[in-house]
Amino acid sequence: MSDPLPAELARVYGNRFEPVREYRRCVWQVLVKNFFQQFVPEEGAVLDLGCGYGEFINNVKAATKFGMDLNPNSKANLESDVKFLEQDCSSQWQLADGQLDVVFTSNFFEHLPDKASLGKTFEQAFRCLRPGGRLIALGPNIKFTRGRYWDFWDHYLPLTEASLSEGLVVRGFEIERCYAQFLPYTMVGAPQYPLWCVAAYVRCSWLWRLKGAQFLVIARKTQRKA
């Protein structure tokens, strides 16, 4: 019998994101260009962990690009230069040791069932990153989302910037940047601001403390696992 989870993922994300899909694509073009690209070497290799519809990985510039997700609909939305890895992120990744320069993930860790799964995911990221490579994680901060965090059926694991950072340090990473507040919580059911407002927002860190409800943690792989 086939696992029903991927089919459920396809239904959940289709219902949730289809109404805002084009706007999300445009917003991510702005976010990558105006903020995230600076952390991704254009000659390097990057993995989008929980790539969804490919809003990040389709827009970032890199020589080698991977997208990982259990949603079977993800592959059809990735550009031809993105290799799709359909697998559980807490299992052995289909990548070599030190193959990646960056592991990026947005609004994904909260979908994992528990911290044991998250820890195994950290270990795979550590293995596959080169020494000095980065893990960039963006997600809802339970400190600021509070009850709104549970508005989504597939949210399981509440995290803060502090708990995520501690888990990464325990597994050999060092924290390069850590922001408790970065982007607003969600685009679902939210106003669709002009894209120039999005570009201005990510350049003005003082605005993050007014509107941000997602953490941003950027960690580096140390030379040797702690």
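Up top is the structure.
Heads up: these notes are all about the structure in this document. (Residues numbered from 1 in each chain as written. Predicted model: local features only at pLDDT ≥ 70, side-chain atom pairs only at ≥ 80, totals over all residues. Heavy atoms only, no water.)

## Brief notes about the nonpolar core
Next up, step 1: Among the nonpolar cores identified, the biggest contains 32 residues, and Phe36, Phe56 and Phe182 are the most heavily contacted of them.
Next up, step 2: Elements with a contribution of two residues or more to this core: helix 2 (21-34), strand 3 (82-85), strand 4 (100-106), strand 5 (129-140), helix 6 (195-203) and strand 7 (214-221).
Next up, step 3: Among the elements that line this core, the one with the most residues is helix 2, at six residues.
Next up, step 4: Sequence-distant contacts of Phe56, that is, excluding residues within four places in its chain, are made with Trp28, Val32, Phe36, Val40, Val46, Asp48 and Phe104. (Core = buried A, V, L, I, M, F, W, Y, C linked by side-chain atoms within 4.5 Å. Buried < 20%, exposed > 50% of the residue type's maximum accessible area, 1.4 Å probe, protein only. Helix = DSSP H or I, 4+ residues; strand = E, 2+ residues; numbered from the N terminus. Contact = heavy atoms within 4.5 Å.)

## What to know about unusual backbone geometry
Next up, step 1: Its identity is not glycine, yet Asn107 carries a phi of approximately 50°, on the positive side.
Next up, step 2: Phi at Arg146 is positive, roughly 50°, even though this residue is not glycine.
Next up, step 3: Residue placement: Arg146 occurs in the loop between helix 4 (142-145) and helix 5 (161-170).
Next up, step 4: For Arg146, a relative accessible area of 57% puts it in the exposed group.

## Quick look at the environment of Ala45
Next up, step 1: With respect to the helices, strands and loops of the structure, Ala45 is situated in strand 1 (residues 45-49).
Next up, step 2: With 84 residues separating them along the chain, Ala45 and Leu129 place their C-alpha atoms 9.4 Å apart.
Next up, step 3: Setting aside chain neighbours within four positions, we find Ala45 in contact with Thr64, Gln99, Leu100, Asp101 and Val102.

## Examining the pairing of strand 5
Next up, step 1: Here strand 5 lies mainly inside the structure; 10 of its 12 residues are buried.
Next up, step 2: Sheet topology note: the strand 4/strand 5 ladder contains six bridges and is parallel. Counted as the bridge partner of Val103 is Leu135 from strand 5.
Next up, step 3: Handedness of the β-α-β unit built from strand 4, helix 3 (residues 115-128) and strand 5 comes out right-handed.
Next up, step 4: Here seven bridges tie strand 5 to strand 7, and the two strands are oriented antiparallel to one another. The residue of strand 7 that forms the bridge with Leu138 is Leu216. (Pairing = 2+ DSSP bridges. Right-handed = clockwise from strand over helix to strand, strands pointing away.)

## Topic: the sheet that holds strand 7
Strand pairing in a sheet is mediated by backbone hydrogen bonds. Such pairs are either parallel or antiparallel.
Next up, step 1: Strand order in the open sheet formed by seven strands is 3-2-1-4-5-7-6, and the pairing between neighbours is mixed. Only two strands of the sheet have a single neighbouring strand rather than two, namely strand 3 and strand 6 (173-179). Within the sheet, the average angular offset between the axes of one strand and its neighbour, ignoring direction, is 20°. (Axes fitted to C-alpha atoms, helices over the stretch in contact; angles between N-to-C directions.)

## Points about the pairing of strand 4
Next up, step 1: In terms of burial, strand 4 is a largely internal element, seven of the seven residues being buried.
Next up, step 2: In this structure, strand 1 lies alongside strand 4, joined through four bridges in parallel fashion. Paired with Val46 across the two strands is Val102, which belongs to strand 4.

## Regarding the packing of helix 2 against helix 6
Next up, step 1: It is the contact of helix 2 with helix 6, at a shortest axis distance of 9 Å, that shows an interaxial angle of 35°. Where helix 2 crosses over helix 6, the handedness of that crossing is right-handed. Here helix 2 contributes Tyr23, Cys26, Val27, Val30, Leu31 and Asn34 to the contact with helix 6, which in turn contributes Leu195, Val198, Ala199, Val202 and Arg203. (Left-handed = near helix turned anticlockwise from the far one by under 90°.)

## A short note on the packing of aromatic side chains
Next up, step 1: Counted by the stated rule, this structure contains 17 aromatic pairs.
Next up, step 2: Measuring from ring centre to ring centre gives 5.2 Å for Phe36 and Phe104, while their planes differ by 75°; the resulting arrangement is edge-to-face. Of the two residues, Phe36 sits in the loop between helix 2 and strand 1 while Phe104 sits in strand 4, which places them 68 residues apart along the sequence.
Next up, step 3: According to the relative accessible area criterion, Phe104 is buried, its value standing at 1%. (Phe/Tyr/Trp six-rings, centres within 6.5 Å; stacked < 30°, edge-to-face > 60°.)

## A short note on helix 3
Next up, step 1: Spanning 14 residues, helix 3 covers 20 Å between terminal C-alpha atoms, matching the ideal 20 Å at 1.5 Å per step.
Next up, step 2: Here helix 3 lies mainly inside the structure; 10 of its 14 residues are buried.
Next up, step 3: Along helix 3, the positions that sit buried rather than exposed are Ser117, Leu118, Gly119, Thr121, Phe122, Gln124, Ala125, Phe126, Arg127 and Cys128.
Next up, step 4: The secondary structure elements touched by the buried residues of helix 3 are strand 1, strand 4, strand 5, helix 5, strand 6 and strand 7.
Next up, step 5: N-cap assignment for helix 3: the residue whose side-chain oxygen lies 3.3 Å from the backbone N of Ala116 is Asp114. (Expected span 1.5 Å × (residues − 1). Polar contact = N/O pair within 3.5 Å; in protein donor to acceptor, adjacent residues only side chain to side chain.)

## A few points about the pattern of salt bridges
Next up, step 1: Applying the stated criterion to the full structure yields nine salt bridges.
Next up, step 2: The partner of Arg171 in a salt bridge is Glu123, and the shortest N-O contact between them spans 3.7 Å. Pair noted here: Arg171 is in the loop between helix 5 and strand 6 and Glu123 is in helix 3, with a separation of 48 residues, a long-range link.
Next up, step 3: Owing to a relative accessible area of 22%, Arg171 belongs among the partly exposed residues under this scheme.
Next up, step 4: The class for Glu123 is partly exposed, based on a relative accessible area of 35%. (Salt bridge = Lys/Arg side-chain N within 4 Å of Asp/Glu carboxyl O.)

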